[in-house]
Amino acid sequence: QGATETNVPIANLPGAYADGYDVQVAKIIADELGLELQVKALDWGALINNLNTDGIDAIIAGMSPTPERLESIDFTSAYYESTHVLLVQQSSSYASATSLDDFAGAKVIGQTGTLYASLVPQAVEHGAIAGTDLNTVPEIVNAIIHGTVDATILEEPVAKGIVAQYASSSTPLTYVKLTNGGFTVADEDRIVSIGVRKGFVLTEQINDVLANVITSDVRNQLMEQAIENAPSEE
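This structure is a prediction, so every number in the text was calculated from the model and none was measured.

Student: In this structure, what is going on with the sheet that holds strand β7 (residues 151–155)? I would like to understand it.
Tutor: Strand pairing in a sheet takes place through backbone hydrogen bonds and is either antiparallel or parallel in direction. With mixed pairing, five strands are arranged side by side in an open sheet as β6-β5-β7-β4-β8. Sheet topology places β6 (129–130) and β8 (173–176) at the edges, where each strand pairs with a single neighbour. In the sheet, strand β5 (residues 107–109) pairs with β6 via two bridges, with the strands oriented parallel. Each residue of the ladder has a partner; that of valine 108, found in β6, is alanine 130. Strands in contact with helix α4 (residues 115–124) are β4 (84–89), β5, β6 and β7; relative to β7, the strand with the most contacts, it is inclined by about 130 degrees. Sitting on the sheet, helix α5 (residues 137–145) touches β4, β5, β7 and β8, and the angle it makes with β4 is about 45 degrees.

Have a look at this one:
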């Protein structure tokens, strides 16, 4: 994909471009601080080392401020806080659920090896039945469409994108956002912040932008835009 109105070139990959929620957050911060945004593609395991050796100035890549990471770098305030929801068939009796108790008797699965799968036992505590986890989200969606599974756990933006993708199918989907007792998730699994070097000179200014410019409404708009611009799964 070439240049668009929303993406930015990747500095160390000529001809490649980056887009998505993180990139849009980075663009706003750079604009507000009067800086030129430069995006680099790096392996996940190399991010903190590049940060501490001045190869990059900030990690805006879905990183959570875990105690281990806080030993070597600082973090700004959060720029994303995830909400975990349950994806179901639109016609399902569970589509009107408001709490985990409403999923009593439902067969619920997660994606193997992910946080989603680790939350299934919480649903089971409220009467749900644990099915066999599957390896990919498309496999899970297929199981829900064919009725072999009643629900799966996802982050809201992921669920929203899937619902949009299947809106015109013969088996439309929806997701349930629990309002009367949802999942208990540790902050480090729920909060995403910007990684910066210890004592970074711009940390306070970035936090100011996150508090006063990238407000909750703006974050929702950016996420909606990112979902619309995301390439469809083949």
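Student: Which parts of the structure should I look at to understand the layout of surface pockets?
Tutor: If a probe as big as a water molecule is rolled over the atoms, it shows which places are left empty. When its volume is computed, the largest pocket comes out at roughly 790 Å³. Ala26, Leu37, Gln38, Ala58 and Ile60 are the residues nearest the centre of the largest pocket, which is lined by 32 residues in total. Among the elements that make up the lining of the largest pocket, the one with the highest residue count is helix α1 (residues 21–33) (seven residues). Among the residues forming the lining of the largest pocket, the class breakdown is 23 nonpolar, three polar and six charged.

Student: Would you take a moment to explain the side chain of serine 64 for this structure?
Tutor: If you trace the backbone, serine 64 turns up in the loop between α2 (47–52) and α3 (67–70). Sequence-distant contacts of serine 64, that is, excluding residues within four places in its chain, are made with Arg69, Phe75, Glu188, Ile191 and Val192.

Student: I tried to follow the pattern of salt bridges on my own but got confused; where do I start?
Tutor: Charged atoms that come close allow side chains of opposite charge to pair. A complete count under the given rule lists seven salt bridges for this structure. Here glutamate 81 ties to arginine 190 by a salt bridge, and the two come within 2.9 Å at their closest N and O atoms. With a gap of 109 residues between them, glutamate 81 in strand β3 (residues 74–81) and arginine 190 in helix α7 (residues 187–190) connect regions that are remote in the sequence. Judged by its relative accessible area of 44%, glutamate 81 falls in the partly exposed class. The partner of lysine 177 in a salt bridge is glutamate 156, and the shortest N-O contact between them spans 3.3 Å. Separated by 21 residues along the polypeptide, lysine 177 in the loop between β8 and α7 and glutamate 156 in helix α6 (residues 156–165) bring together distant segments of the chain. Classification of lysine 177 by relative accessible area gives partly exposed; the value is 43%. Since its relative accessible area comes to 14%, glutamate 156 is described here as buried. Members of the salt-bridge network, linked through shared partners, are Asp54, Asp57 and Arg197.

Basis of the calculations
In this numbering scheme, every chain counts its residues from 1 along its sequence in written order. Confidence filtering applies because this is a predicted model: local features only for residues at pLDDT of at least 70, side-chain atom pairs given and counted only at 80 or more, and all residues used for totals across whole chains, interfaces and linings. Excluded from the side-chain calculations are hydrogens and water; all other atoms, namely the structure's heavy atoms, are used. Strand pairing is assigned whenever DSSP identifies at least 2 bridges connecting the two strands. Secondary structure follows DSSP: runs of H or I at least 4 residues long count as helices, runs of E at least 2 residues long count as strands, and numbering of each begins at the N terminus. Residue contacts are counted whenever heavy atoms from the two residues lie within 4.5 Å of one another. Convention adopted: a line fitted to C-alpha atoms gives each axis, helices being fitted over their contacting stretch, and angles between N-to-C directions are expressed from 0 to 180 degrees. Lining residues are those with an atom within 4 Å of a point, where the points come from a 1 Å grid over the protein atoms alone and group into cavities, where a 1.4 Å probe fits but cannot get out, or pockets, open sets with protein on both sides within 12 Å along at least five of seven lines. Grid points are joined across faces, edges and corners, and a volume is the space filled by probe spheres set on the points. Under this grouping Gly is polar, as are all residues other than the nonpolar Ala, Val, Leu, Ile, Met, Phe, Trp, Tyr, Cys and Pro and the charged Asp, Glu, Lys and Arg. When a carboxyl oxygen of Asp or Glu is within 4 Å of a side-chain nitrogen of Lys or Arg, the pair counts as a salt bridge. The buried label applies to any residue whose accessible area, calculated with a 1.4 Å probe on protein chains only, is under 20% of its type's maximum; exposed applies above 50%, and partly exposed to all values in between.

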